[in-house]
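Residue strings, one per chain:
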Amino acid sequence: MSTGKSARVLPWRPRSLQARQLMAASLGLVAFLALAGYALDRAFLDVASEGQRDRLRNYVFAYAGDIEFLRNGDIYVPDNGPDDRFDRPGSGLYAEVVLPNGSWVSRSASGPQLPEATPLAGGEEKFEGPLPMVRSDGSPGQVYRYGLGMVWAPQEGAPEAEFPYTIYVIEDAGTVPRQVRVFRAALWGYLGIAGLILLLLQTLVLRWSLWPLRKVVEELTRVQRGQANRMGERHPRELEPLTDSINALIESERENLEQQRNTMSDLAHSLKTPLAVLRARLDSDAGEQELREDVATQLQRMTDLVSYQLGRAASTGHTLFAAPVEIEPHAEALVRSLEKIYAGKGVICEFDIDPAARFHGEPGDLQELLGNLIENAFKWAGKRVLLTVQPGGTAPNRRPGLFLAVDDDGPGIPEDRIPLVLQRGVRGDERVHGHGIGLSIVQDIIRSYRGELRVGRSTELGGARFEVRLPPGL
């Protein structure tokens, strides 16, 4: 039943990187130690079982070497066995010889009720267990048994026939489990100590490996509080793309803020004169018609100033993470429009555009850049304009740069005037000097992308050549 109030869902807060890595590494370490312990335990069991089989087998061969056969068909076994436990009743180690007409047992077998022994064929070996038995005190128990079937052959020429017999050596099954218990206690104890030491070392290694990230966080905090202007330069190679991007973002934001301030300052300064003219005309004795014409003129001038400054501010923004933009479609659209405007001149624009070239920025910046350069070339060209676009330089973990050139077959720019064309700090037509309308916007865009603009003589067409080189970006 709904209560009319939605339950507040708290956002899930992810664990820290150190906690994540420590938990994952700890689980992996515990799993590894558990598997290693299990493998060692199984290996020890196999080795202990195999060792017990070999030990009993050696006892069998020791008895086989000491047994002597008498002429009446009996056997003689020395009183002292290969181990003194064979001589102590109920010691847990027993020997039995199965004969066709009876059997022989060691003194240790007096009292316990051993499993029934069956004769084996000559050369047959048999290791079995655990088998049930009854101890001297009547309690049940288990044993492991190794048997070897043998045949005694008389000397050549003797009248006796071959005599088959089987030797068994039996050991209490508690021997191996006791060894296993001791081994397991030592094994898991040492593995536990090793695990604790490895967890401690793992924690120290994680803190040491994540220290650069904590340093980045501290530097970011200092930047946020105004205690630092940018991130440091010395960081691990894996973090350099991150810190470089943050520094570029900080610089871009500062440049955008400075650009906005400059734009507003320029706009305010530009509007002071039209406003002063309007104030003066309003205070004058001018007629209504003359006043209307002056107001319309100044309003148009202010509208143009506002449009220019806003367009300039919009075109100089540099988006760090913009998608790559194909250049040829934008260039074709611009050239089609310009060919209509300059149809009387019959100018032809040729393209030499590498299909792999991309502009990594805002499409509006690309349109302003191409539009001003190509329109400038159309204005001053005789008959031909050439647009060349190629991929620029590359750098690890960075977007490729861009090379763009516009050539025309016009009169070109005298070498002594090139510095004036590229002069900084001059607004509008003061930087044009008869060639390059809109070069102020072009230079502002190129500066925002930390690029370079070069003006020179075209070796192919003979006129002016404008080269734009944008470096690899973040």
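As a starting point, this report considers the structure included with it. (Residues numbered from 1 in each chain as written. Predicted model: local features only at pLDDT ≥ 70, side-chain atom pairs only at ≥ 80, totals over all residues. Heavy atoms only, no water.)

**Notes on the pattern of salt bridges**
This is how the line gets drawn: Here, a salt bridge means any side-chain nitrogen of Lys or Arg that lies within 4 Å of a carboxyl oxygen of Asp or Glu. Under the scheme used here, helices are H or I runs from DSSP no shorter than 4 residues and strands are E runs no shorter than 2 residues, and both carry numbers assigned from the N terminus. Buried residues are those whose accessible area, probed at 1.4 Å on protein chains only, stays under 20% of the maximum for their type, while exposed residues exceed 50% and partly exposed ones sit between those limits.
Under the criterion given, the structure shown has 18 salt bridges. In this structure, the salt-bridge partner of Asp-41 is Arg-184, at a minimum N-O distance of 2.5 Å. Taken together, the residues Asp-41 in helix H1 (residues 17-66) and Arg-184 in helix H2 (residues 175-209) connect sequence positions 143 residues apart. Residue Asp-41 is classed as buried on the basis of its relative accessible area, which comes to 7%. We classify Arg-184 as partly exposed; its relative accessible area is 34%. In this structure, Glu-128 and Arg-145 form a salt bridge, with 2.6 Å as the shortest nitrogen-oxygen distance.

**A look at the sheet that holds strand E3 (residues 93-99)**
Short version of the rule: DSSP calls a pair of strands paired once it identifies at least 2 bridges connecting them. Think of each axis as a best-fit line through the C-alpha atoms, taken over the contacting stretch in the case of a helix, with angles from 0 to 180 degrees between the N-to-C directions.
Across the sheet, which stays open at both edges, the five strands sit in the order E4-E3-E7-E6-E5 with antiparallel pairing between neighbours. Of all strands in the sheet, those bounded by a partner on one side alone are strand E4 (102-105) and strand E5 (125-134). Taking the axes of each pair of neighbouring strands and ignoring which way they run, one obtains an average angle of 25° across the sheet.

**Observations concerning the sheet that holds strand E12 (residues 402-408)**
Our working definition: Only heavy atoms matter for contacts: two residues are in contact if any of them lie within 4.5 Å across the pair.
In space, the five strands of this open sheet follow the order E9-E11-E12-E14-E13, with mixed pairing throughout. The sheet is open, and its two edges are formed by strand E9 (348-353) and strand E13 (452-457), each paired on a single side. Going across the sheet, the axis of each strand differs from the next one's by a mean of 15°, ignoring polarity. Of the strands in this sheet, E9 and strand E11 (384-391) touch helix H6 (residues 328-341), which is tilted by about 175° from E9. Each of E9, E11, E12 and strand E14 (464-470) is contacted by helix H7 (residues 363-380), which is oriented at about 20° to E12, the strand it contacts most.

**Looking at H7**
Worth spelling out the cut-off: The span expected for a helix works out to 1.5 Å for each residue beyond the first.
Under the 1.5 Å per step criterion, the end-to-end length of H7 is 26 Å for 18 residues, consistent within 8% with the ideal 26 Å. Those residues of H7 lying buried are Asp-365, Leu-366, Leu-369, Leu-370, Gly-371, Asn-372, Leu-373, Ile-374, Asn-376, Ala-377 and Phe-378.

**With respect to the environment of Glu-96**
One can find Glu-96 in strand E3. Distance from Glu-96 to Thr-166, taken between C-alpha atoms, is 8.3 Å for residues 70 residues apart in sequence. Each residue touching Glu-96, except ones within four places of it in the same chain, is listed here: Ser-103, Trp-104, Val-105, Leu-114, Ala-117, Thr-166, Ile-167, Tyr-168 and Ile-170.

**Observations concerning the environment of Gln-298**
Tracing the sequence through the fold places Gln-298 in helix H5 (residues 288-315). For Gln-298, a relative accessible area of 11% corresponds to the buried category. For the pair formed by Gln-298 and Leu-271, sequence separation is 27 residues and the distance between their alpha carbons is 9.5 Å.

**Some thoughts on the pairing of strand E6 (residues 140-152)**
Both E5 and E6 contribute to a ladder of eight bridges, which runs antiparallel. The residue of E6 that forms the bridge with Met-133 is Gly-141. Counted between consecutive antiparallel strands, the loop separating E5 from E6 contains five residues, among which Gly-138 sits at a positive phi close to 90°. Summarising the sheet, E6 and strand E7 (residues 163-172) pair through ten bridges and their orientation is antiparallel. Following the sheet pairing, Met-150 is matched in E7 by Tyr-165.

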